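The primary structure of each chain is shown beneath.
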Amino acid sequence: MNNHHWLLALLALLLLVPFLETRAFEQQAPQSVILENGFSYADLTDKIQILIDPQQQLGFKAISSTGRQRDFRLNSGKIGFTDAAVWIRFSLESRFTTKQPVILEIDFPLIDKIEFYEMDGKGNYRLRFGGDSIPFNLREIEFRNTLFKIELEPGQTATYYMKFTSRGPIQLPLRIWNYQAFTEHSTSSHLWHGLYFGAILMLIVASVVGYNLFRASFFLWYAYYLSCYGLLNFTLVGFAGQFLWPETPILQQYATSLLVNLVIIGAVVFSGKLLDIRKYSRAYFLIFRTLIILALLGIAISLAGRLEIANRIASLSGMALVPILISAAIVTYRKGNFAARYFLVAWGVFLIFVFISGLYYWGMLPYGFVTAHALQIGSVFEVTMLGVATADRVRLLNREKEEADRLANKYLVLLNEKLEDLVHERTVELEESNRKLHELATHDSLTLLLNHNAIIHALESAISAVERHRQPLSIAMVDIDRFKQINDRFGHQVGDDVLVAIANTFTSSLRGYDIIGRYGGEEFLLILPQTNTEDAGELIERLRQSIADLSFTGTQGKRVTISVGMIAYLHGIKIDADAMIRCADDALYRAKANGRDRIEWGNCTTILNKTGCAGSEDGQR
Ligand SMILES: Nc1nc2c(ncn2[C@@H]2O[C@H](COP(=O)(O)OP(=O)(O)OP(=O)(O)O)[C@@H](O)[C@H]2O)c(=O)[nH]1
């Protein structure tokens, strides 16, 4: 029923050219359409005869003259773009028993100017006007298509002439309706159109929501494409002229031309984004760009008022559009763009419906809901499938994102592990260098014993430990006898060797928990925890003996002895490390004074009473 979709019908025409050649312009005797009781509807498509007036020179008188009648040819109403005036004639024969009105419908609302000539049988004619150049409210019957009311006397046969001129394409699906049948038909047609435009509107809303959810620009382009496409169809079926610009019919002509180009831009940009055409095919990217430039050119030409040129450009790009989109989808799909699947189904199925529609318009398929509404069904399927393609693209994008996230996470975990290893390695290194630093800070580099500060600190700790546990503690201050002479006689290096050998003897002779430190040059402090005077005396005596027994390689057999000052910690008397050392030093002084190579004991109690330490009688050895 709807052959207003001229752009697509032209595409169908292209597909059907081989079949059409034989059908066009057959000459045949005029045939009347019989109207009889019970008549509801007649299609005039095969009944009309056409005469083309290329220069638009002929008037009705000339056309209706007997001489011209031979020039009328049978034509199924497919004209397309033409600068000519298209004349048609057809005959109606009334076999009604009463005088009855019928409606003539021209089911193509885009024709600019329609003249309808009705003969009265006495050589007079009545002229009426239609077409979309007439404001809606001035139409004879206010309907989206041009309608003329015809009244025939019973038994009357009348021939009617019509003249069509338009800057857009001309299609002539003419129908005669009984009043009641027309009302029923227009009601159901409004219902289907309502559903169709409702579906488009819902898809627009869904795509805007989609954009808000996913922020992908192709949703907006899809919404734009749907809006222009919906509005174009709204204009093509005549609703725009009825509802949007009823008083400014000139807009109708501009709107069609502009909207076709806007639809092409929308379809191309949306498809380009959906198929990611720039990434997948440079050639198609350029073709898409060319289509957009052509459409922009079409818009500029329409705005300049050259609608006939703009319409032709638009129809050419429109015809090329679907095959281009389908082949682009195939190319990108083959290159691995899976989003092209639904896209391909959308346009592929649409093309099939265009084909069905073409077969129907050219009379090769009978009237039926699917055949008559093939373009609408096809386009609903197409836009819905495009919606699915859009959603699928989002799904694929999300999958790519998830994959990227997964990879990023994997690398992050790897990086973390590497970082942890590195931190662990660095910590170990740091601990090692700290340990070395601590070693350096607390040990003497020659003898490897605790150094001066460290041995004093160790003594402080030992004092507080024995104080807490009320345990005995003894210390010994050891000095090598006449060490200067060794240095002087055998050299500093030999002196060093002697120092190391004596230090090693300390370490090997004392117990694991005894603490040994180099107090000064050739002076050593030995801390003997949990050791009473008696045990300490014995231990140090053995040590003194061991050192006296040492033989050194560099000293030519000369023995080395030590002098020792010892002191025991006494509980109940608060004595600190300093005082103990001073006291041990004092005892050492006495050991030196008393002939060296011996041990002298000091007494802590004396420290409290006087500043120095006095030797105790029983402590001397
Ligand atoms: N080789 C060497 N000699 C050192 C070191 N530290 C100190 N000395 C020497 O040790 C000697 C200590 O000499 P003095 O204080 O006179 O005492 P002494 O010769 O041992 O005599 P008495 O202590 O009275 O028995 C000095 O000659 C210092 O130079 C060292 O690390 N290496």
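Residues numbered from 1 in each chain as written. Predicted model: local features only at pLDDT ≥ 70, side-chain atom pairs only at ≥ 80, totals over all residues. Heavy atoms only, no water.

Quick look at the overall build of the chain now. When helices and strands are tallied, the chain shows 18 helices and 19 strands. Among the 621 residues that make up the chain, the fraction classed as buried is 51%. Sequence-distant contacts, at least 24 apart, represent 75% of the contacts inside the chain between residues at least 6 apart. Counting only carbon and sulfur atoms, one obtains 58% of the accessible surface of the chain, whose full area is about 29,600 Å². (Helix = DSSP H or I, 4+ residues; strand = E, 2+ residues; numbered from the N terminus. Buried < 20%, exposed > 50% of the residue type's maximum accessible area, 1.4 Å probe, protein only. Contact = heavy atoms within 4.5 Å. Areas by Shrake-Rupley, 256 points an atom, 1.4 Å probe, with all protein chains shown as cover.)

Time to look at helix H9 (residues 307-334). The end-to-end C-alpha distance of H9, which contains 28 residues, comes to 40 Å, matching closely the 40 Å that a straight helix rising 1.5 Å per residue would cover. At the C-terminal side of H9, Gly336 shows a positive phi close to 105°. (Expected span 1.5 Å × (residues − 1).)

What follows covers the UniProt feature "coiled-coil region" (unreviewed entry) in the chain. Per the UniProt record, the feature "coiled-coil region" (unreviewed entry) sits at residues 397-436. Each end of residues 397-436 is marked by a C-alpha atom, and these two atoms are 57 Å apart; helix forms 100% of the span and strand 0%. (UniProt positions renumbered as here; feature names shortened; annotations may be inferred.)

Attention shifts here to the packing of helix H15 (residues 492-509) against helix H16 (residues 533-548). Their axes nearest at 10 Å, the elements H15 and H16 cross at an angle of 140°. If you check the angle between H15 and H16, you find them oblique. Seen along the crossing, H15 lies across H16 with a hand that is right-handed. Contacts from Ile502, Thr505, Phe506 and Ser509 in H15 reach Leu539, Leu543, Ser546 and Ile547 in H16. Residue classes in the contact of H15 with H16 are distributed as 5 nonpolar, 3 polar and no charged. (Axes fitted to C-alpha atoms, helices over the stretch in contact; angles between N-to-C directions. Parallel < 35°, antiparallel > 145°, perpendicular 65-115°, else oblique. Left-handed = near helix turned anticlockwise from the far one by under 90°. Nonpolar A, V, L, I, M, F, W, Y, C, P; charged D, E, K, R; others polar.)

Turning our eyes to something else, we now look at the UniProt feature "transmembrane region" (unreviewed entry) in the chain. In this structure's numbering, the residues bearing the UniProt feature "transmembrane region" (unreviewed entry) are residues 191-214, 221-245, 251-271, 283-303, 309-330 and 342-363. For residues 191-214, the helix share is 100%, the strand share is 0%, and the end-to-end C-alpha distance is 34 Å. The span residues 309-330 is 100% helix and 0% strand, and its two end C-alpha atoms sit 32 Å from each other.

Our next topic: the site of the ligand. Neighbouring residues of the ligand: 16 residues in total, closest Arg482, Phe483, Asn487, Asp496 and Arg518. Note that an oxygen atom of the ligand is positioned 3.2 Å from one of the side-chain N or O atoms of Asp479. A distance of 3.0 Å separates an oxygen atom of the ligand from a polar side-chain atom of Lys592. Against a free-state accessible area of 660 Å², the protein chains account for coverage of 67% of the ligand. When contributions to the shell around the ligand are tallied by element, the ones reaching two or more residues are strand E14 (473-480), helix H14 (483-490) and H15. It is H15 that contributes the most residues to the shell around the ligand, 4 residues altogether. Here the shell around the ligand is built from residues that sort into 3 nonpolar, 4 polar and 9 charged. (Near = heavy atom within 4 Å. Polar contact = N/O pair within 3.5 Å; in protein donor to acceptor, adjacent residues only side chain to side chain.)

Attention shifts here to the sheet that holds strand E13 (residues 174-178). What holds strands together in a sheet is hydrogen bonding between their backbones, with the strands either parallel or antiparallel. Ordered in space as E2-E13-E7-E10, the 4 strands form an open sheet in which the pairing is antiparallel. Each edge of the open sheet carries a strand with a single partner, namely strand E2 (41-43) and strand E10 (146-152). Averaged over all pairs of adjacent strands, the angle between their axes in this sheet comes to 20°, without regard to strand direction. Here E2 runs beside E13; their pairing, made up of 3 bridges, is antiparallel. Paired with Asp43 across the strands is Arg175, a residue of E13. Contacts from helix H3 (residues 179-214) reach strand E7 (100-106), E10 and E13, with the element oriented near 115° to E13. (Pairing = 2+ DSSP bridges.)

Right, let's talk about the nonpolar core for a bit. Formed by 90 residues in total, the largest nonpolar core has its most connected members in Phe90, Leu104 and Met162. When residues of this core are assigned to their parent elements, the largest contribution, 12 residues, is made by helix H6 (residues 250-275). Residue contributions to this core reach at least three from each of two domains, namely domain 1 (6-184) and domain 2 (189-395). Listed in part, the 31 residues of the second largest apolar core include Ile502, Ala503, Leu510 and Ile599. (Core = buried A, V, L, I, M, F, W, Y, C linked by side-chain atoms within 4.5 Å. Domains from an automatic or database assignment.)

Remark: helix H8 (residues 282-303) packs on H9, axes separated minimally by 9 Å, with the N-to-C direction vectors making an angle of 160°. The orientation of H8 with respect to H9, classified from their angle, is roughly antiparallel. Here H8 and H9 pass one another in a crossing that is left-handed. Side by side, H8 and H9 meet where Tyr284, Ile287, Phe288, Leu291, Leu294, Leu297, Gly298, Ile301 and Ser302 of the first sit next to Leu307, Ile309, Ala310, Ile313, Ser317, Leu321, Ile324, Leu325, Ser327, Ala328 and Val331 of the second. Tallied by class, the residues present in the contact of H8 with H9 amount to 16 nonpolar, 4 polar and no charged.

On to the pairing of strand E18 (residues 599-603), then. Extensive coverage of E18 is indicated by the burial of 4 of its 5 residues. Where strand E17 (residues 562-568) and E18 come together, 3 bridges link them in parallel fashion. Opposite Met566, over in E18, you have Trp601 as the bridge partner. Since E17 and E18 lie parallel, the crossover through helix H17 (residues 577-593) that links them has a hand, and here it is left-handed. (Right-handed = clockwise from strand over helix to strand, strands pointing away.)

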